[in-house]
Amino acid sequence: MGLKKCNRCGQVFASNHKDICPDCEDEIEENFKKVRDYIYDNGQASIPQIHEETGVSIKEIKQFIREGRLVEYDIDVSVECKKCGKKIKSGNYCSECTEELSKGLSSKEEESKKDIKTTKTGKMHTRRDRRKK
Ligand SMILES: [Zn+2]
Ligand SMILES: [Zn+2]
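A brief structural summary.

Rules used in this analysis
Residues numbered from 1 in each chain as written. Chains lettered and ligands numbered in written order. Predicted model: local features only at pLDDT ≥ 70, side-chain atom pairs only at ≥ 80, totals over all residues. Heavy atoms only, no water. Donors = N, O, S within 2.8 Å, 3.2 Å for Na, K, Ca; no water. Helix = DSSP H or I, 4+ residues; strand = E, 2+ residues; numbered from the N terminus. Polar contact = N/O pair within 3.5 Å; in protein donor to acceptor, adjacent residues only side chain to side chain. Contact = heavy atoms within 4.5 Å. Buried < 20%, exposed > 50% of the residue type's maximum accessible area, 1.4 Å probe, protein only. Arc of directions from axis to C-beta.

## Some remarks on the coordination of the zinc ion (ligand 2)
- Those donors, Cys81 (SG), Cys84 (SG), Cys94 (SG) and Cys97 (SG), are the protein atoms that reach the zinc ion (ligand 2), and they lie 2.3 Å from it.
- Mapping the donors of the zinc ion (ligand 2) onto the primary sequence gives the spacing C-x2-C-x9-C-x2-C. Remark: Cys94 occurs in the loop between β4 (87–88) and α4 (95–118) and Cys84 occurs in the loop between β3 (79–80) and β4; sequence separation between them is 10 residues.

See the structure below:
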């Protein structure tokens with residue numbers, strides 16, 4: 001068990017693997033309950049509205065949304081896709097960007113393969129070398 005500085009309040013605490021101290025964890029749970037109860041009682045509410053009424057920071061409310069904790073409540077709050085800014089109900093990216101990101105990764109792989117092919121020095125060698133692997 002090592003000592004860690006809490007990501008949220010800066011307090012030093014004993015931690016195995018967490019970045020947030022037990023006090024903050026409790027507080028976050030409390031905050032989540034406040035947000036959830038507010039939504040439960042009021043239905044459709046905007047993030048700033050929830051923030052005003054519950055005192056929970058907008059950042060934290062958005063965090064709950066990204067973590068998918070509020071998905072089960074049928075409310076019209078959303079966060080922005082980190083790539084295109086489209087409204088999403090949970091997570092960091094919209095489905096299109098998620099797809100594009102995974103495509104982007106594989107197309108990069110394709111490119112590096114192309115690089116191997118286009119280096120013409122000793123074409124036969126490279127082929128044989130690659131076959132060895
Ligand atoms: Zn803390
Ligand atoms: Zn997007």
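From this point, the discussion proceeds with the structure in view.
## Concerning the side chain of Thr54
- Structurally, the position occupied by Thr54 is in helix α2 (residues 47–54).
- A distance of 2.6 Å separates the side chain of Thr54 from the backbone oxygen of Ile50, its partner in a polar contact.
- Polar side-chain contacts of Thr54 include one of 3.2 Å to the backbone nitrogen of Val56.
- Beyond its immediate chain neighbours, meaning those up to four positions away, Thr54 contacts Lys34, Val35 and Tyr38.

## So, the environment of His51
- If you trace the backbone, His51 turns up in helix α2.
- The spacing of His51 and Val35 is 16 residues in sequence and 8.3 Å in space, taken between C-alpha atoms.

## Some points on the side chain of Ser78
- The residue Ser78 is located in the loop between α3 (58–66) and β3 in this model.
- Ignoring any residue separated from it by four or fewer positions in sequence, one finds Ser78 in contact with Ile47, Ile65, Lys87 and Ile88.

## Things to note about α2
- Here α2 has its buried residues at Ile47, Ile50 and Thr54. The buried side chains of α2 occupy one side of the element, clustering within an arc of 60° when seen end-on. Facing away from the buried side of α2 by more than 90 degrees, the exposed set consists of Glu52 and Glu53.
- Summarising the contacts, the buried residues of α2 are in contact with α1 (22–42) and α3.
- Downstream of α2 by a residue or two, Gly55 has a phi angle that is positive, lying close to 80°.

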